[in-house]
Amino acid sequence: MTASEYCKLYKKSPDTAYEQLFSSYCSYVYAVVYNKLRSTASREDIEECVSDIFADIYFNYDTTSSFDGDMKGYISTIAKRKSIDLYRKLNARNIHISDSDDETLSYINSDTDIEADSDKAEMQTILLNAVEGLGEPDSTILIQKFYYDRSSSEIAELLSMKASAVRMRCGRAMEKLKSILSKAGITA
Amino acid sequence: MSKNNQFDILENADDAIVDRLAQTALIPDDAKKRMFNMSKKKLSQMQRENNIRPVDETETEETVSGVDEYKPKWYRTVASAAACIAVLIGIAGAVVLLKKSGGSGVDEPPPVIQATVSTTSETTAYVSTSQITMSTSNHTTYTNSTSTTNSTSTLEAISTETFTEQTEPPTTAEVSETPAETEQTAANPEYPSIARELFEKITVFEKLSSSAVDYDFDANADGYDGYYLVNNFPYNSVEEMREDLLNTMSASSVSRYSSLLDTDSPIYIDADGNVYIQPYPRGCLYTNFVYDTLEIISETDTSFTASVNFDNFGEVSKAVMECAYVNGKWIIDIIE
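Residues numbered from 1 in each chain as written. Chains lettered and ligands numbered in written order. Predicted model: local features only at pLDDT ≥ 70, side-chain atom pairs only at ≥ 80, totals over all residues. Heavy atoms only, no water.

Examining the overall build of chain A
Logical step 1: If you tally the helices and strands in chain A, you get nine helices and zero strands.
Logical step 2: Along chain A, helices (α) and strands (β) appear in the sequence α-α-α-α-α-α-α-α-α when read from the amino end.
Logical step 3: Per-residue burial for chain A yields a buried fraction of 40% across its 188 residues.
Logical step 4: When contacts within chain A are restricted to residue pairs at least 6 apart in sequence, long-range pairs at least 24 apart make up 66% of them.
Logical step 5: Carbon and sulfur atoms form 48% of the exposed surface of chain A, whose accessible area is close to 10,300 Å². (Helix = DSSP H or I, 4+ residues; strand = E, 2+ residues; numbered from the N terminus. Buried < 20%, exposed > 50% of the residue type's maximum accessible area, 1.4 Å probe, protein only. Contact = heavy atoms within 4.5 Å. Areas by Shrake-Rupley, 256 points an atom, 1.4 Å probe, with all protein chains shown as cover.)

Rendered as structure tokens:
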């Protein structure tokens, strides 16, 4: 949905514009939030964060703007910021407040490991390529099962399949994936 | 938390990876609806706080026509009072019946009174009747031989009919006492026993894979260094054990017991008609199940999830097992 489409729709019917915005970007926003909060927040917290994001977008977006591009960039920024806010809130107990002055703090090394980050990014790409190479519905089943942590019955409902079929395909797909990854030099 | 570490690496990824993951971000309709409604509520709140008329109220005003016909608030009070009177009549009826029975000296379960009371909304003007369901126990001292097969009556019927005792013994649903001790209640009565059988198999596989078997350190297998004769192996052969393992566990769950399968250095081997072990002792986790705590958490026609407590090295933990009916048999899909 482009910005101008949204603004036009908003002028006709704000409610419809909101529904359209939500249905267009719900999956994307969910993916952004989930990627950040997967191991920190519960599913309920993630859903609440997604709803916060949409309320924020709707409330703050300037519908009189003449911008005609894709709204995705704007939505992505709001989504990332909200996710990070929630991440920090949930991990507040782990934050240490230092009274050290700026000079002392400058001697403390950053925990950014460029090499490790680069390796990780490469691994992510390899893994996703391998998963997507399995084709549908196996790739979706694996992502839903092992990344989105859905149960076989939930996946079956989403894909209009039987739960037993999902389990069967999941097992076979994992074997294939392991084989592909081991050929690429990656073991579990 | 993901069960497969490989996919954990996808966390905190860059935009390109997140975009690809978004392609498979299937969200159930009920979750979408939930998030949408939540977001609308938050939005309305934000708008009110900023003195902006909320969108949903704006839309509502445009669609409402005419004037709501309000009913006086006393309607609700009258409806509540009528419902309370119905309950009291039911209790009084129960007391009368009990007195009529006279008490046989035998412990009988007290009559169960279930009153269903409908509430009225402020804009409706009707009062719904309450339905009183009563059941009595079968007292052998009854001299009144009037019998009825119908033990329920509506509020109006109670006020006009005389009470009659029930000749059939109360059903389990009508008796207020707790049902007889069973391991658990489930829609499919076979699932608890199937679950128990599968948990027992888990215990066997767990012990076998942990080398928790009785073996003779002095009886070696010819030609196989480090393998010792197993006493009382639970299968006729290693091959039989592997077949049972593969028939019981799904492809994803069998990996926990991969050491029992045919590998480069298997724990168990068949040799000269016996089973030998190359021990790799480790802790057994899924043993010592407390089957009194077994319960079926969820089920469908072809799957169920069962849980049971177990002794986790001195602490009580809960094992959860997802089972599926595949190719004519029940298999364990997940054990955690």
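A few points about the overall build of chain B
Logical step 1: Per the secondary structure count, chain B includes eight helices and 13 strands.
Logical step 2: Restricting the contact set of chain B to residue pairs at least 6 apart, pairs at least 24 apart contribute 58%.
Logical step 3: Element-wise, carbon and sulfur atoms account for 50% of the exposed surface of chain B, whose accessible area totals about 19,900 Å².

Quick notes on a nonpolar patch on the surface
All names here are of chain B.
Logical step 1: On the surface, L88, I91 and V95 cluster together to form a nonpolar patch covering roughly 260 Å² of accessible area.
Logical step 2: Along the chain, the position of V95 falls in helix 5 (residues 74-101).
Logical step 3: Its relative accessible area of 39% is what places V95 among the partly exposed residues. (Patch = residues over 30% accessible without salt bridge, like charges linked within 9 Å, V, L, I, M, F, W, Y side chains within 5 Å. Salt bridge = Lys/Arg side-chain N within 4 Å of Asp/Glu carboxyl O.)

Brief notes about the sheet that holds strand 7 (residues 224-231) of chain B
Sheet strands associate in pairs through backbone hydrogen bonding, adopting either a parallel or an antiparallel arrangement.
All names here are of chain B.
Logical step 1: Strand order in this open sheet of four strands is 6-7-9-8, and the pairing throughout is antiparallel. Lying at the two open borders of the sheet, with one neighbouring strand each, are strand 6 (214-221) and strand 8 (268-271). Averaged over neighbouring strand pairs, the angle between their axes works out to 45° when direction is ignored.
Logical step 2: Helix-sheet contacts for helix 8 (residues 238-248) involve strand 8 and strand 9 (274-277), and the interaxial angle to strand 8 is about 140°. (Pairing = 2+ DSSP bridges. Axes fitted to C-alpha atoms, helices over the stretch in contact; angles between N-to-C directions.)

A short note on the interface of chain B and chain A
Logical step 1: Taken together, the 51 residues of chain B in the interface contact 59 residues of chain A.
Logical step 2: Across the interface of chain B and chain A, roughly 5,300 Å² is buried in total on both sides, 62% from carbon and sulfur atoms.
Logical step 3: A per-residue breakdown of the area chain B buries against chain A is headed by B:Q6, B:F7 and B:R20, which together make up 13% of the total.
Logical step 4: Taken together, the connections running from chain B to chain A amount to ten salt bridges.
Logical step 5: Residue A:E48 is joined to B:K42 by a salt bridge in which the shortest nitrogen-to-oxygen separation is 3.3 Å. (Buried area = accessible area lost by both parts, 1.4 Å probe.)

Thoughts on the side chain of A:D56
Logical step 1: Position of A:D56 relative to the elements: it lies in helix 3 (residues 43-60).
Logical step 2: Of note is the side chain of A:D56, whose polar atom sits 3.1 Å from the side chain of A:K82.
Logical step 3: Beyond its immediate chain neighbours, meaning those up to four positions away, A:D56 contacts A:I78, A:K82 and B:M46. (Polar contact = N/O pair within 3.5 Å; in protein donor to acceptor, adjacent residues only side chain to side chain.)

As for the packing of aromatic side chains
Residue and element names in this part refer to chain A.
Logical step 1: As enumerated under the stated definition, the model contains 27 aromatic pairs over all chains in all.
Logical step 2: Ring geometry for Y147 versus Y148: centroids 4.7 Å apart, planes at 80°, classification edge-to-face.
Logical step 3: We classify Y147 as buried; its relative accessible area is 0%.
Logical step 4: We classify Y148 as buried; its relative accessible area is 2%. (Phe/Tyr/Trp six-rings, centres within 6.5 Å; stacked < 30°, edge-to-face > 60°.)

Topic: the sheet that holds strand 11 (residues 303-312) of chain B
Logical step 1: Strand order in the open sheet made by the four strands is 10-11-12-13 (chain B), with antiparallel pairing throughout. Taken across any chain shown, the strands that pair with only one partner, and hence form the sheet edges, are strand 10 (289-299) and strand 13 (329-335) of chain B. Taking each pair of neighbouring strands and ignoring which way they run, the sheet shows an average axis angle of 30°.
Logical step 2: Two strands pair when backbone bridges link them, and strand 11 of chain B and strand 12 (residues 315-326) of chain B are joined in this way by ten bridges, in the antiparallel orientation. By the bridge assignment for strand 12 of chain B, B:F304 is matched with B:C323.
Logical step 3: Each of strand 11, strand 12 and strand 13 of chain B is contacted by helix 9 (residues 163-183) of chain A, which is oriented at about 100° to strand 12 of chain B, the strand it contacts most.
Logical step 4: On the sheet, helix 7 (residues 191-209) of chain B packs against strand 10, strand 11, strand 12 and strand 13 of chain B and is oriented at approximately 125° with respect to strand 10 of chain B.

Section: the pattern of salt bridges
Side chains bearing opposite charge may pair, as long as their charged atoms lie close to each other.
Logical step 1: On inspection of all chains with the given rule, the structure shows 17 salt bridges over all chains.
Logical step 2: Notably, a salt bridge pairs B:D333 with A:R167, separated by 3.9 Å at the nearest N-O pair. Of this pair, B:D333 sits in strand 13 while A:R167 is found in helix 9, placing the two residues in two different chains. Side by side, B:D333 and A:R167 carry an identical accessibility label, which is buried.
Logical step 3: The structure contains a network of salt bridges with shared partners spanning A:R38, B:D8 and B:E11.

Remarks on helix 8 of chain B
Residues and elements named next belong to chain B.
Logical step 1: Along helix 8, the positions that sit buried rather than exposed are V238, M241, R242, D244, L245 and T248. Axial view of helix 8: buried residues confined to an arc of 160°, hence all on one face. Among the exposed residues of helix 8, those oriented more than 90 degrees off its buried face are E239 and E243. (Arc of directions from axis to C-beta.)

It is worth stressing that arrangement in space is one thing and function is another; only the former is reported here.
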